[in-house]
Structures are given as C-alpha cells and as structure tokens.
Amino acid sequence: MRNACAPLGWMAGLILIAGGCAGTHRAEIVVSPERERTSLDDGWKFIKGDGDYAPPATNDSTWRTLDVPHDWAIEGPFVQADEGATGKRDYWGPVWYRKHFSLPASDAARRIYIDFDGAMSYAQVWVNGQKAAERPYGYASFQVDATPFIKVGQQNVVSVRLDSPKDSSRWYPGAGIERNVWLTKTNSIHVGHWGVYITTPRISETSAEVSLQTTVENQSATPVQAGVRTRLYEANADGKPIGQPVAMTKMELVNLEAGGHQIVKSVADVIKPKLWGLRSPNRYVAVTTIDANDSEVDRVETPFGIRTIAFDPANGFILNGKRVQIQGVCDHHDLGPLGAVVNIRGIERQIQLLQEMGCNAIRTSHNPPAPELLDLCDRMGMVVMDEGFDCWQIAKRPGDYHLLWDQWHETDWRQQIERDRNHPCVVLWSIGNELPEFKKSKIDGQKIAEELTHIAHEEDPTRPTTFACNDPTAGYDGYQKTVDVFGLNYRPTEYRKFVETHPEIPFIGSETSSTVSTRGVYVFPIVEDQSKGQADFQVSSYDLYAPRWASTPDAEFKALDENPSVAGEFVWTGFDYLGEPTPFNKDATNLLNFTDPAERAKMADELKNLGKIEVPSRSSYFGILDLCGFKKDRFYLYQSRWRPQLPMVHILPHWNWPDRLNQVTPVMVYTSGDEVELFLNGKSLGKKTKNRLEYRLRWNDIKYAPGELKAVAYKAGQKWAEETIKTTGPAAAVKISPDRRMLTSDGQDLSFVTISIVDKDGTPVPRANNLIHCQLTGPGEIVAMDNGDPTGHQSFQSQQCPAFNGLCLAIIRTHKNQPGEIHLKVTSDGAGADETVMEAVAKK
C-alpha cells in the first residue's frame, strides 16, 4: 500500500478557500476590517457582438442589464443545422460585459482584486479602460490585480470581452461569465491568492499533525517584519468556526522585502481529531492572521478536513484506513435546462440525487470544476476526481484547447491544483481524458503525461495522478508509468490482464458503461444486440443498449466483482447533457473513439450511410438521470448495487400498453434483495433468484394484460421490499410537486417543481404528453422549463412545455431581497389545472 510514509503518500488534510459558498446562497463575507471579499455578480451590462467597448466613456445605457453567472447561449433557439453547434446551441462569437461600481476613498491604501471563477472563453479584462488581464481557458479561475487602475472615491468600470471559437467543444460549453465574480480588498501586507495550503502528514486516533504553508506578500513600498499565526477551530455545517480554538501555531516572524513574498511554514496538533469521511464529513477551520506594525493587517478563514487516503494496487481506495469502493459518475459542468451557469442549489440537488442512488464520487469531466461543486462535495461527503483537460497538443475539435496548449497548459494546471488542493473531497488529479496522444503519433504523449504528473507532485505531493485512457495498449507501452493510478475507459474485459501484468500499479475504471436510454421509452421486441433498441431517435429503457465501445452496467459490475483490487468506477454519465447524442450523432469526430482500424472503418461507413439525415437530438442518452434530473430505470439498477442495505425493488417497463394486448412484453426487476416473486393481476408468475454475477431478474415471456403488476423481493428468505405498478386511466389531472417550498429570497435560490400528468386516481400516466402551461405570481420567476426529451426543441425559457412520458419540470428562482409568497398555477391541455404556494424568506 502507498501510504503517508512513502514519498508520495496520498494523504492530506485539506482546506476550502476563504469566502467559499455554503448553504443555498452565494457567500458575501467580510472577514476582517482589512480583508473584504464580496460578490460582484449583480448589475452587469451585456451585449452580443463586437466593438471598442473597453473605454470607460462607452455608452452602455441601452445594453441589457443582468446578473452573473450568466450563460447567454442557453437562452437562444435550438439550431437544427448542427454544424459546430454542440447541443444545437450557438455558443461562439464575441460578447461584452461591463460592470460599474464605486469604491470609497478609504480604500486608497488597499489592494483591489477582481476574482473570476470562470468566464467562457478567451476572456480579456479592462479596468477603467486599461488592459488588466486575459485568460483564454473558459474553465479556469483567475485573479485580476486591479489596483494600478482603480480610482477610489469615484465610479469604476470593468469591461470583459469573451469570444469562444466555433467548434471548440465536443459537449455544450455554455457561453458567458458562467461562474461567480468577486471583489477582494486587502492590506498591502496580506496572504497571497490561494495562499494557505494545509496538509495532515500524521494522523492517529489521539492526534493529528496539521501542517500549514502560508504565502505572505508585501506589496508596500518598504520592507516589513510580519508575524503569522493560525488558530484551528471545529467548523459548523457552513464551514464557520465554532467554540474555542482546538489548537494554534506559534507566532512565526518573517522579514519581507518591498514587493516580496515568502512561504511561512507552521505546525499544530489537533487532539482526538474528528475525521472527514463520506458519512461524517467533519471539518475544521484554520484562522490565519498577519500582524505588522503592531496591528492585525489580514485575517483569512480556511475550512479544512482531516483524513487519510491511499490507493492500494491490491485493495483499491483506502479512506481513513478502510477500503471504500468508488461508486462514481462522470458529469459535465452544466445544470441541464439552466445551462452552464453555476448555481449552488442546482449543484446541491444533483449531488442529493446521486447520493440517493448510492453514488459517492464524481469525476469532473473534462475540465476544472466550479469551486462550488468542491465546496458542496466537502460538505456533503463525496470524493472527486479533479480533471484538467480534454485534449493536449492534438485537437479533437478545430477550436479546442490544443490551440492554447503551448502557452497556457502549465499555468492552467498549476493554478487549478493550487485552487483545489485544499479540498478533502479531492482524491485524484486527472491529467486528461482520452488523449489522441495515447495512440501512435509524432507527439510524445508520455513526456506530456510525465510533465503534468511532475507539476501535480510539485504543487501537491499528497495525492496521486491519473488519466482516463481509452486505449488499452497504452497500459503496456509506458503510459502506465507516467501516472500513479492507471485509469482505463470502457474495457472491463481488460481488467484482469492489467492487474495481473502490473500488480504494483493501482487501477480504476475511469469511465465505464455508457449505456444509452430514454426515460420511459421501451422498444419491442427486445433485441440483445446492444447496438439496437432504437426508434424515432429514442433508445429503449430496457438498459441493454450501448455504443460499440461501451457496455451495459452488468458487464462492468461483473468485471469489478471478478477483480476486487480495482478501486471502482466512474459511470458515463450521472446526468444527460447537451451535445453528443450518441447513437444518433453523425459527427465524424466519433471516430476518435476507435483505435482498431476495422472498427474505425465500420463506423466511418455508418456515418457515411447517415448522409444528410437530419438528427433532431439535442442532448445525450448516457445519463442515469435525464436532463431534468428525472430518474431513468437505470437509476434503480445502480441503487440496487450501490445501496445493498436499502430495501428496494423496481419494475420495468410501465404497464400501459393498450396496443400490446396478449403480446409478449418482457418484464425486468432491479432489487437489492436476492429473490423476487412477480404477480400479474394477483397470479404468481414465479420466483426468480439472483445468482452470482447476476444483477437483474428477467421474465421474458409475459404477455401483456392490463391491470396490476407486483414484485415482492426477499432477502435471506425474509420479505425485503415490494412495488406495484398499475395500468392507469386516461390523463385527468395535473399534479405539482416542488422539491422545496421554503426558499431564500437571495435571487439565487431555486425550487425544482415536478409537474406530473395523472389519472382520476392520482396515478402518473406514463405515456402522457399533454401541453403544460405555467403562470407565476409573487417574488420569483420561472427561469427554465424542460421535459427531458432528448429530441425536444422547445425553448428552455418558455413558460409552457409538453409533458414527456408524463413529466415536465419548472425551475423557480426567487427575487433578491423580496420575501413573500410565490404562487404557481399550472394548466394543461386536456388534464385540468393545479396550484401550489412556495414562500421566499429573507436570509438569516
């Protein structure tokens, strides 16, 4: 086992950056009189198109006024001609944002910074007409030192030009200032940006050594002696200190030259530490103060966790000394109908749904995540594979990151690690995804991999590196030596060979399954060929179908059970996302997925045969949950495996098939039990027992008859769980189900409202497609509607939406500083109406 005693021990106690978000609203924190960090999200001006808009005198009075985070592309219509428009969205071209704000004269001696969590993409920033910074990678967080350009006691303007290239992403990247913006004010003597780094090199039941490295900067014109001290506290759920200090470092004195900086190292011991883990994500807070000239000049609060991690080639992933099977998903950065904007409640809901399924890990495919995702994973107990790049020097798209590689990759990678290395949730650094360099090319990909691993070890020697490799031959030609944990995509039959060939290298399924399905769609007859099961640009939800390179969940489960040393898996994907509508994607870049020449040629022929067929699909079919977050059948298959102690049983398909009377309609059952008896209209259809390496139960010869289908599950001979599904009557009513009725009136909080079409008995009608109309009154707004249909082209901003297989979703957002009741009225074409009330309350 690689442990804390080795040169790279993969063990750390980690931090959150001061001022990070917690709860359901943006943090607006004043830490001390000398350091302020406040949101700069409100009241931006926006215009599409280009011009000389940097000068302060630019007349932007006619520009649109909005708040960021903002994704302008999600607001547009779907583009049927899909050339370059991933997810059928136009996301490229120049746009401008401008923010006017004033600073008091008392800020004259302060340093002024503007922190961007991410701006898509090719950001150029001017402050009062002076070029201050640029950052082309749209997922990168960066800080702008605005001090030389700021005017205190008067108005200032920040101008941001973005210009995403066409055809720059394989998935929908969004467009605009998609993540939060912060105004940070400090003393000239202060802790540097991402300047506190905490590890825990030694942990026992009785004590934990907390090691701190604090970067102190002196941006004044004179030398100074500064004192650095950190006090450690237990943290509450929001990551704020409670009670008295549990430990503190001694005062460390440092002499700083004018314009200089130094790293100050200090140590403190926490007695009987409360460890961070998946079930008990305990955290502490390090409060670091800087004293100079006989006064406190800076104070930074840094939540962190104490835990140990290890990747053992024989025993997988070890957290706090115990093996934990990684039950993970890959996810892109979008929030479905909301687009690519960061929203804390939206991310929190996704994590809650994943945890309900039994998921304990997220891979941030294929880019640096929003800070809020990591904050929430810290708080909620999820581990993370933190990924940097989708490509290196060789392009996957004409306008992608390969254009930036030579100039920017080192800066982007180092700063990503500096930003994120302080999160207890992060357990792996992924240096890239399915790189064409894995295949034989003129570019030496192994040198690139070695460089990225070396950088990661320099910036953070406490965690291992990995990558997501889609070429199994790379595991035997040297790439296996370039990372610390070998990650392999879509090759469950290769696990045993790799483990036996490289018994010294930890191994993980970095991207698995890629089963495709559409919620509530079932195609008959069932065909075992995994490339089939399609009709009308939809894919059957019998969970038997996958692209050529992929497999069903069952095949991955079998490989993991037969190779228990494998650390686990990251399923592609947790949620559907805009773009990549495989198997209906006619984009020739799909050929990158095939390393075998015969497979590549066959795929090329299939693409050619598609010819000019217009593919209506806007979004993927990979998700375990659809674009709205509605559960597909597969959700319950994973839940049956990932939560074996949860009594559950799930039947598919639904039981509304008037056109299939007396026809064979196979039934499948997913359960955490070991035996199931199935009943149709009270008559037993027999018991079936799950054998070893069997993950679902099937009744293949059932002839459809309307009525009631019931499954009773048993475990160890005892009744475990049951489920009943019924043939419903016609659509008769609408049912509204908000996920939350009490909201915060901060302009960001959300309620996700499920709208169901039900029969006269209140039972959901599984094939209903009635048009839904929404009307909202009170201090809120409907910011998006959708139904999860991968072929649906209704606007996300519309106030009406057809139900898709009985469901649609309305997302309600509060208005800032406007408490009160929010009334939602829903009517449908042919299924009546319903109303509900939510309440927005002031922030505490």
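Residues numbered from 1 in each chain as written. Predicted model: local features only at pLDDT ≥ 70, side-chain atom pairs only at ≥ 80, totals over all residues. Heavy atoms only, no water.

Novice: Tell me about the packing of aromatic side chains, and name the residues and values.
Specialist: Under the counting rule described, the total for this entry stands at 42 aromatic pairs. A centroid spacing of 6.1 Å and a plane angle of 80 degrees characterise the contact between Tyr401 and Trp405, whose relative ring orientation is edge-to-face. Exposure remark for Trp405: the relative accessible area of 2% places this residue in the buried category. Its end group placed over the ring of Tyr197, Arg421 keeps NZ or CZ at 4.0 Å from the ring centre. Note that Lys687 overlies the ring of Tyr714, its terminal NZ or CZ placed 4.5 Å from the centroid. (Phe/Tyr/Trp six-rings, centres within 6.5 Å; stacked < 30°, edge-to-face > 60°. Buried < 20%, exposed > 50% of the residue type's maximum accessible area, 1.4 Å probe, protein only. Lys NZ or Arg CZ within 6 Å of the ring centre and 35° of its normal.)

Novice: Tell me about helix H4 (residues 445-459), and name the residues and values.
Specialist: Residues spaced three or four apart along an α-helix point in a common direction, a consequence of the helix completing one turn every 3.6 residues. When the terminal C-alpha atoms of H4 are compared, their 21 Å separation across 15 residues agrees well with the 21 Å that a helix rising 1.5 Å per residue should span. Those residues of H4 that fall on the buried side of the exposure criterion are Gly445, Ile448, Ala449, Leu452, Thr453, Ile455, Ala456, His457 and Glu459. The elements touched by buried residues of H4 are strand E12 (189-203), helix H3 (405-420), strand E26 (426-433) and strand E27 (465-468). Capping the start of H4, Asp444 holds a side-chain oxygen 3.1 Å from the backbone nitrogen of Gln446, two or three residues further along. (Helix = DSSP H or I, 4+ residues; strand = E, 2+ residues; numbered from the N terminus. Expected span 1.5 Å × (residues − 1). Contact = heavy atoms within 4.5 Å. Polar contact = N/O pair within 3.5 Å; in protein donor to acceptor, adjacent residues only side chain to side chain.)

Novice: So what about the pattern of salt bridges? Which residues, and what values?
Specialist: Evaluation of the coordinates by the stated rule reveals 46 salt bridges. In this structure, Lys631 engages Glu356 in a salt bridge whose closest nitrogen and oxygen atoms are separated by 2.6 Å. You can see Lys631 sitting in the loop between helix H7 (597-610) and helix H8 (633-642) and its partner Glu356 sitting in helix H1 (residues 344-357), a full 275 residues away along the chain. A relative accessible area of 32% means that Glu356 is categorised as partly exposed. With a closest N to O distance of 2.9 Å, Lys558 and Glu562 form a salt bridge. Of this pair, Lys558 and Glu562 both sit in helix H6 (residues 553-562), 4 residues apart, which is roughly one turn of that helix. Salt bridges sharing common partners tie together Glu410, Arg414, Arg421, Glu458 and Glu459. (Salt bridge = Lys/Arg side-chain N within 4 Å of Asp/Glu carboxyl O.)

Novice: I'd like to hear about empty space enclosed by the protein, residue by residue, with values.
Specialist: Throughout the structure, instances matching the rule amount to 9 cavities of 30 Å³ or more. The calculated volume of the largest cavity comes to roughly 280 Å³. Tyr137, Tyr139, Ser168, Asp400 and Tyr401 are the residues nearest the centre of the largest cavity, which is lined by 24 residues in total. Among the residues forming the lining of the largest cavity, the class breakdown is 12 nonpolar, 7 polar and 5 charged. (1 Å grid on protein atoms, 1.4 Å probe; cavity = no way out; pocket = protein on both sides within 12 Å on 5 of 7 lines; lining within 4 Å. Points joined across faces, edges and corners; volume = space filled by probe spheres on them. Nonpolar A, V, L, I, M, F, W, Y, C, P; charged D, E, K, R; others polar.)

Novice: Provide a residue-level description of the sheet that holds strand E13 (residues 207-218), including the pertinent values.
Specialist: The 3 strands lie next to each other as E12-E13-E17, forming an open sheet whose pairing is antiparallel. With one partner strand each, in any of the chains shown, E12 and strand E17 (261-271) form the two edges of the open sheet. On average, each strand axis in the sheet is inclined to that of its neighbour by 20 degrees, with strand direction left out of account. As judged from the 11 bridges shared by E13 and E17, these two strands associate in the antiparallel manner. The residue bridging Ser211 from the neighbouring strand is Val267, located in E17. (Pairing = 2+ DSSP bridges. Axes fitted to C-alpha atoms, helices over the stretch in contact; angles between N-to-C directions.)

Novice: Tell me about the sheet that holds strand E37 (residues 697-699), residues and numbers included.
Specialist: Strand pairing in a sheet is mediated by backbone hydrogen bonds. Such pairs are either parallel or antiparallel. As summarised here, the arrangement of the 3 strands in space is E33-E34-E37, forming an open sheet in which the pairing is antiparallel. Looking at strand neighbours, the two that pair on one side only are strand E33 (649-652) and E37, the edges of this open sheet. Along the sheet, successive strands turn relative to each other by an average axial angle of 20 degrees, direction set aside. Relative to E37, strand E34 (residues 667-671) runs antiparallel, the two sharing 3 bridges. Residue pairing for E37: Met668 is matched across the bridge by Arg698. Against the sheet, H8 makes contact with E33 and E34, and its axis sits at roughly 40 degrees relative to E34, the strand it touches most.

Novice: How would you summarise the packing of H1 against H8 if you had to cite specific residues and measurements?
Specialist: Each pair of packed helices can be described by the angle between their axes along with the distance between the axes. Running from N to C, H1 and H8 point in directions that differ by 60 degrees, and their axes come no closer than 8 Å. Of the possible angle classes, the one that applies to H1 and H8 is oblique. Judged by residue contacts, Leu353, Glu356 and Met357 of H1 engage Phe635, Tyr638, Gln639 and Trp642 from H8. Here the contact of H1 with H8 is composed, by residue class, of 5 nonpolar, 1 polar and 1 charged. (Parallel < 35°, antiparallel > 145°, perpendicular 65-115°, else oblique.)

Novice: Now, about the layout of surface pockets: what can you tell me, with residues and values included?
Specialist: Put simply, the largest pocket is a space of about 1100 Å³. Around the largest pocket sit 40 residues that line it, and Lys631, Tyr636, His650, Pro764 and Leu807 are the ones nearest its centre. For the lining of the largest pocket, the class distribution of residues is 15 nonpolar, 15 polar and 10 charged.

Novice: Explain the pairing of strand E20 (residues 309-312) to me, and be specific about the residues and the numbers.
Specialist: A two-sided burial pattern is seen for E20, the buried positions comprising Ile309 and Phe311 on one face and Ala310 and Asp312 on the other. Sheet analysis places E20 next to strand E21 (residues 316-319), joined by 4 bridges and oriented antiparallel. Following the sheet pairing, Asp312 is matched in E21 by Gly316. The hairpin formed by E20 and E21 contains 3 residues between the paired strands.

Novice: Outline the pairing of strand E23 (residues 326-331), supporting the account with residue identities and numerical values.
Specialist: Where burial is concerned, most of E23 is hidden: 6 out of the 6 residues are buried. In terms of strand pairing, E23 meets strand E32 (residues 568-572) through 5 bridges, oriented parallel. The residue bridging Gly328 from the neighbouring strand is Phe570, located in E32. With 4 bridges joining them, E23 and strand E24 (residues 361-364) adopt parallel strand pairing. Bridging across to E24, Cys330 finds its partner in Arg363.

Novice: A description of unusual backbone geometry should follow, citing residues and the corresponding values.
Specialist: Omega for the peptide link from Val68 to Pro69 comes to 5 degrees, which places this bond in the cis form. Residue position: Pro69 is located in the loop between strand E4 (64-66) and strand E5 (93-102). Geometrically, the link from Ser365 to His366 is a cis peptide bond, its omega value of -5 degrees lying close to zero. Within the secondary structure, His366 is located in the loop between E24 and helix H2 (371-380). Located in the positive-phi region is Asn320, a residue other than glycine, with phi close to 55 degrees. Within the secondary structure, Asn320 is located in the loop between E21 and strand E22 (322-323). A positive phi is found at Asn805, a non-glycine position, where the angle reads about 50 degrees.

Novice: Summarise the environment of Gly239; cite the residues concerned and give the values.
Specialist: One can find Gly239 in the loop between strand E14 (224-235) and strand E15 (241-248). Along the primary structure Gly239 and Glu296 are separated by 57 residues, whereas in three dimensions their C-alpha atoms are 23 Å apart. Beyond its immediate chain neighbours, meaning those up to four positions away, Gly239 contacts Arg283, Val285 and Pro303.

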